[in-house]
Amino acid sequence: MINHDKIRAELEAILAELKSRETAVENRLSQPGVADWEENAALTKDDEVLSKISDATMAEIHKVQLALNRLEEGHYGKCASCGKNIAKARLEALPFATQCIKCA
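A brief look at the structure comes next. Keep in mind the model is a prediction, meaning the values are calculated, not measured.

Along the backbone of the chain there are three helices and zero strands. Overall, the chain shows an N-to-C arrangement of helices and strands of α-α-α. Across the 104 residues in the chain, those meeting the buried criterion constitute 24%. Of the contacts formed within the chain by residues at least 6 apart in sequence, a portion of 51% connects residues at least 24 apart. Surface exposure of the chain reaches about 7100 Å², of which carbon and sulfur atoms provide 54%.

The next subject is the nonpolar core. Core analysis: the largest hydrophobic core is formed by 16 residues, its most contacted members being Leu11, Val64 and Tyr76. For this core, the secondary structure elements donating two or more residues are α1 (4-29) and α2 (37-73). By residue number, the principal contributor to this core is α2, which donates five residues. Sequence-distant contacts of Leu11, defined by excluding residues within four places in its chain, comprise Val64, Ala67, Leu68, Tyr76, Pro95 and Phe96.

On to the pattern of salt bridges. Taken as a whole and judged by the stated rule, the model has three salt bridges. Here Arg8 makes a salt bridge to Asp5, at a shortest N to O gap of 3.3 Å. With Arg8 and Asp5 both in helix α1 and three residues apart, the pair spans about one turn of that helix. Assessed through its relative accessible area of 22%, Arg8 is described here as partly exposed. Residue Glu72 pairs with Arg8 through a salt bridge whose shortest N-O separation is 2.9 Å. With Glu72 in helix α2 and Arg8 in helix α1, this residue pair connects regions lying 64 residues apart in the sequence. Where salt bridges share partners, they join Asp5, Arg8 and Glu72 into one cluster.

This part is about α1. Across its 26 residues, α1 extends 37 Å between first and last C-alpha, which sits within 8% of the 38 Å expected from 1.5 Å per residue. Those residues of α1 that sit buried are Ile7, Leu11, Leu15, Leu18, Glu22 and Val25. Where α1 begins, the side chain of Asn3 points an oxygen toward the backbone nitrogen of Asp5, at a separation of 3.2 Å.

Examined against the element boundaries, Ser54 turns out to sit in helix α2. A polar side-chain atom of Ser54 sits 3.1 Å from a polar atom in the side chain of Glu26. Beyond its immediate sequence surroundings of up to four residues, Ser54 is in contact with Glu22, Val25 and Glu26.

For the rest of this paragraph, the subject is the side chain of Thr57. Within the secondary structure layout, Thr57 lies in helix α2. At 2.8 Å, the side chain of Thr57 and the backbone oxygen of Ile53 are in polar contact.

Calculation rules
Note on numbering: residues in each chain are counted from 1, in written sequence order. Where totals are concerned, whole chains, interfaces and linings use all residues; where local detail is concerned, this predicted model gives features only for residues with pLDDT of at least 70, and gives and counts side-chain atom pairs only at 80 or more. Computation of side-chain values covers all heavy atoms of the structure but excludes hydrogens and water. In DSSP terms, a helix is any run of H or I states spanning at least four residues, a strand is any run of E spanning at least two, and both are numbered starting from the N terminus. A 1.4 Å probe rolled over the protein chains alone gives each residue an accessible area, and that area as a share of the maximum for its type sets the label: buried under 20%, exposed over 50%, partly exposed in between. Note on contacts: a residue pair qualifies if any of its non-hydrogen atoms lie within 4.5 Å across the two residues. To measure how exposed things are, a 1.4 Å probe is used in the Shrake-Rupley method; for residues, cover is taken only from the protein chains shown. Residues grouped as a nonpolar core are buried Ala, Val, Leu, Ile, Met, Phe, Trp, Tyr and Cys residues, joined through side-chain atoms within 4.5 Å. Any carboxyl oxygen of Asp or Glu within 4 Å of a side-chain nitrogen of Lys or Arg constitutes a salt bridge here. Each residue after the first adds 1.5 Å to the expected span of a helix. Counting of polar contacts relies on pairs of N or O atoms within 3.5 Å, with two restrictions inside protein: one atom must be capable of donating a hydrogen and the other of accepting it, and residues adjacent in sequence are counted only when both atoms are side-chain atoms.

Laid out in structure tokens, this is it:
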């Protein structure tokens, strides 16, 4: 049996952490460059990496929000592709999983 309150709390904690990470990345990316062109080139390279981290973080945020929606709708723990139950071990490892291992 799935403890919805526990899962919801876990997903909300993950979501808060991801949003905090995204805010930190966005704050760093919004900082202006510097006058020294060599240092600015290094910062630009860093910004490219941070931008990829931001993209990955936003994708994770979307997955967690989707899992929260599925929990509210009563579909949490069911594979979005085949409709079978997602293995408990998979949900424990990846609480925002929406597909069983076979369909993933």
